[in-house]
Amino acid sequence: HYLRFELIGKDSRRDAVGAQIRVETSQHSYLGRLSIHESYLGCNQNIIEVGLGDASEATQIEIRWPDQTTQRFTTLPLDHTYQIVQGEPPWQVP
């Protein structure tokens, strides 16, 4: 199982570089960080993918934006991509 997050900063960097996501399950805590890597003919996306193994649900999701503000959500359905604009609720990408 997985969760993918496309982050868009509003009060901090629009590309959300430096944002961190912590995903809690009943068994583990997972941490993802948005960073940029440059390479020849490479491209960067502002997406963080968190692999959750055989977890059945994520009990809490916390985003720490580059300006150090935090945003929390509970119980998002797994195996989806969510677009999150800083300060707004998550939107499931079709």
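Look a little higher up for the structure.
Residues numbered from 1 in each chain as written. Predicted model: local features only at pLDDT ≥ 70, side-chain atom pairs only at ≥ 80, totals over all residues. Heavy atoms only, no water.

Focus on the nonpolar core
Burial of nonpolar side chains together is a common tendency in soluble globular proteins.
1) Next: Of all hydrophobic cores here, the largest spans 21 residues; its most connected members are Leu3, Phe5, Leu7, Ile21, Val23, Ile61 and Ile84.
2) Next: If you list the elements that add at least two residues to this core, you get β1 (2-8), β2 (20-24), β4 (47-51), β5 (60-64) and β7 (80-85).
3) Next: It is β1 that contributes the most residues to this core, 3 residues altogether.
4) Next: If we ignore the near neighbours within four places in the chain, the residues touching isoleucine 84 are Phe5, Glu6, Leu7, Ile8, Ile63, Trp65, Gln71, Phe73 and Pro90. (Core = buried A, V, L, I, M, F, W, Y, C linked by side-chain atoms within 4.5 Å. Buried < 20%, exposed > 50% of the residue type's maximum accessible area, 1.4 Å probe, protein only. Helix = DSSP H or I, 4+ residues; strand = E, 2+ residues; numbered from the N terminus. Contact = heavy atoms within 4.5 Å.)

Some thoughts on the side chain of glutamine 86
1) Next: Looking at the element boundaries, glutamine 86 is found in the loop between β7 and β8 (91-93).
2) Next: Under the relative-accessibility criterion, glutamine 86 is labelled buried at 4%.
3) Next: In this structure the side chain of glutamine 86 is engaged in a polar contact, spanning 3.3 Å, whose partner is the side chain of aspartate 67.
4) Next: What glutamine 86 contacts, discounting residues up to four positions off in sequence, is Ile8, Gly9, Lys10, Asp11, Ser12, Trp65, Asp67, Thr69 and Gln71. (Polar contact = N/O pair within 3.5 Å; in protein donor to acceptor, adjacent residues only side chain to side chain.)

Considering the sheet that holds strand β3 (residues 29-33)
1) Next: Across the sheet, 4 strands lie side by side as β3-β2-β5-β6; this open sheet has antiparallel pairing. Each end of this open sheet is capped by a strand with a single partner; those strands are β3 and β6 (70-73). Going from strand to strand, the sheet's axes swing by 15° on average, the running direction of each strand aside. (Pairing = 2+ DSSP bridges. Axes fitted to C-alpha atoms, helices over the stretch in contact; angles between N-to-C directions.)

Description of the sheet that holds β8
1) Next: If you trace the 4 strands from one edge of the open sheet to the other, you get β4-β1-β7-β8, paired in mixed fashion. Bordering the open sheet on either side are β4 and β8, each of which pairs with just one other strand. Between one strand axis and the next, the sheet turns through 30° on average, direction left out of account.

Let's talk about the pairing of β5
1) Next: Two strands pair when backbone bridges link them, and β2 and β5 are joined in this way by 5 bridges, in the antiparallel orientation. Pairing of arginine 22 across the sheet is with glutamate 62, part of β5.
2) Next: Judged from the 4 bridges that link them, β5 and β6 form a sheet pairing that is antiparallel. Residue pairing for β6: isoleucine 63 is matched across the bridge by glutamine 71.

Digging into the environment of alanine 16
1) Next: Among the secondary structure elements, alanine 16 is positioned in the loop between β1 and β2.
2) Next: The class of alanine 16 is buried, set by a relative accessible area of 0%.
3) Next: Apart from residues no more than four positions distant in its own chain, alanine 16 is found in contact with Leu7, Gly9, Leu34, Trp65 and Pro66.

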